[in-house]
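Tertiary structure, described
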Amino acid sequence: MNTKEYAQDLKLSIDVNRYTKLINSLGSQLNDRKDRFDKADIIEQSLEVYSNGRLTWVDGIGRDHYDNNTAFDLEFKYMSNGLFTKTGKQKAVVKVKLKNSLGANKGTTIENPADYYLLGQENAIAIISSEDIKPFLVSVPDGIEAHIPFENLDFIFKPTDVNIDKLVEVSYKQEKRAMQRKLIESI
């Protein structure tokens, strides 16, 4: 199965409207430094739920999901408007940080990469294999980025493929604080 076929296969398994509705309902409320890990966990877990368990969330180093149908390992990278602009225009080059070396640049080699990288934004997810991404790896002072020409990506879905009728009012921070308070008070 090539990447284009794999993207089409995944599109049949993922409820792309629910994914888009979740991300847009959350909006920017989890963009603060302290909340970004929660945002990543929510987005990554949503793919397990919205694929009916096909993509198991493993939250490992260099691997976020395991595809139970194909045995592929997937790494998910989320970038707000990283694939398309807010007005829906495609980016000429998609730039994504693949590895953070915490200040010590170590070249452009990613040891033991996942089979595929999923690159997501609010209303789209693209895919590229670890082999196909290699020519686009760029060394930066604090890690490795990929600068991928748009035409080298295969899409699971694009903004034109989704239709969300109504956003859900979500107050994640309020819910989290209430859960924390409940835990504290229970002890």
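This report concerns the structure included in the present document. (Residues numbered from 1 in each chain as written. Predicted model: local features only at pLDDT ≥ 70, side-chain atom pairs only at ≥ 80, totals over all residues. Heavy atoms only, no water.)

1. Remarks on the overall build of the protein chain
What counts, and what does not: A helix here means a DSSP run of H or I that spans at least four residues, while a strand means a run of E at least two residues long, and both kinds are numbered starting from the N terminus. Atoms counted for the radius of gyration: C-alpha only. Globule rule: 2.2 Å times residue count to the power 0.38. Buried residues are those whose accessible area, probed at 1.4 Å on protein chains only, stays under 20% of the maximum for their type, while exposed residues exceed 50% and partly exposed ones sit between those limits. The contact criterion used is simple: two residues touch if any of their non-hydrogen atoms lie within 4.5 Å. Only the protein chains shown count as cover for residues, with accessible areas throughout obtained via the Shrake-Rupley method and a probe of 1.4 Å. For the purpose of counting charges, residues Lys and Arg are taken to be positive, whereas Asp and Glu are taken to be negative. His and the chain ends are not included. To locate a charge, the coordinates of NZ of Lys, CZ of Arg, CG of Asp or CD of Glu are taken.
Counting its secondary structure elements, the protein chain contains five helices and nine strands. Order of helices (α) and strands (β) in the protein chain, N terminus to C terminus: α-α-α-β-β-β-β-β-β-α-β-β-β-α. Rg of the C-alpha trace for the protein chain: 17 Å, near the compact-globule value of 16 Å for 187 residues, within the 12% margin. Along the first, second and third principal axes, the C-alpha set of the protein chain runs to 50 × 40 × 35 Å. In the protein chain, buried positions account for 40% of the 187 residues. Within the protein chain, counting contacts between residues at least 6 apart in sequence, those at least 24 apart form 68% of the total. When the accessible surface of the protein chain is totalled, it reaches about 10900 Å², and 49% of it is carbon and sulfur. Within the protein chain, the 28 negative side-chain charges are centred at a point lying 7 Å from the centre of the 26 positive side-chain charges.

2. Remarks on the environment of N123
Our working definition: Here a polar contact means two N or O atoms within 3.5 Å. Within protein one must be a hydrogen donor candidate and the other an acceptor candidate, and residues neighboring in sequence count only if both atoms are side-chain atoms.
Here N123 lies in the loop between β5 (116-121) and β6 (124-129). The partly exposed category is assigned to N123, whose relative accessible area is 22%. When the C-alpha atoms of N123 and T20 are compared, they prove to be 5.1 Å apart, with 103 residues separating the residues in sequence. When residues no more than four places from it in sequence are discounted, the contact partners of N123 are T20, F157, K158, P159 and V162. Among the polar contacts listed, one links the side chain of N123 to the side chain of Q121, at a separation of 2.6 Å.

3. Re the pairing of strand β2 (residues 63-67)
Quick note on the threshold: When DSSP locates at least two bridges between a pair of strands, those strands are taken to pair.
Counted residue by residue, β2 has four buried out of five residues, so it is predominantly covered. Sheet topology places strand β1 (residues 55-60) next to β2; four bridges connect them, and they run antiparallel. For T56, the partnering residue across the bridge sits in β2 and is Y66. Connecting β1 to the antiparallel partner β2 that follows it, the hairpin turn spans two residues, and G62 within it adopts a positive phi of roughly 75 degrees. Where β2 folds back onto strand β3 (residues 73-78) in an antiparallel hairpin, the turn is made up of five residues, including A71, whose phi is positive at roughly 70 degrees.

4. As for the sheet that holds strand β7 (residues 137-140)
What counts, and what does not: Inter-axis angles, ranging from 0 to 180 degrees, are taken between N-to-C directions of lines fitted to C-alpha atoms, where helices are fitted over the stretch in contact.
With antiparallel pairing, three strands are arranged side by side in an open sheet as β4-β8-β7. Each edge of the open sheet is held by one strand with a lone partner, namely β4 (93-100) and β7. Adjacent strand axes in the sheet meet at a mean angle of 30 degrees, parallel and antiparallel pairs treated alike. By the bridge criterion, four bridges tie β7 to strand β8 (residues 143-149) in an arrangement that is antiparallel. Residue pairing across strands places V138 opposite E145, the latter belonging to β8.

5. Looking at the packing of aromatic side chains
Let me state the cut-off plainly: The aromatic pairing rule takes the rings of Phe, Tyr and Trp, using the six-membered ring of Trp, and pairs them if the centres are within 6.5 Å, calling planes under 30 degrees apart stacked, those over 60 edge-to-face and the rest tilted.
Counted by the stated rule, this structure contains seven aromatic pairs. A centroid spacing of 5.2 Å and a plane angle of 35 degrees characterise the contact between F150 and F155, whose relative ring orientation is tilted. In this pair, the class of F150 matches that of F155, namely buried. Counting every residue linked through ring pairs, the aromatic cluster contains Y6, F72 and Y116.

6. Section: the nonpolar core
This is how the line gets drawn: Take the buried residues of types Ala, Val, Leu, Ile, Met, Phe, Trp, Tyr and Cys, join any two whose side-chain atoms come within 4.5 Å, and each joined set is a nonpolar core.
Counting 24 residues, the largest nonpolar core has L10, Y19, L47, L118, I125, I127 and I156 as its most contacted members. Broken down by secondary-structure element, the contributors of at least two residues to this core are α1 (3-13), α2 (16-26), α3 (36-50), β3, β5, β6 and β9 (154-157). Per element, the largest residue contribution to this core is five residues, and it comes from α2. In contact with L47, not counting residues within four places along its chain, are I14, Y19, L55, H65, F76, L118 and I125.

7. Description of helix α5 (residues 172-185)
Just so we agree on the cut-off: Expected span, for any helix, means 1.5 Å times one less than how many residues it has.
With 14 residues, α5 ought to run about 20 Å at 1.5 Å a step, and its terminal C-alpha atoms sit 20 Å apart, in line with that. With zero of 14 residues buried, α5 lies mostly on the surface of the structure.

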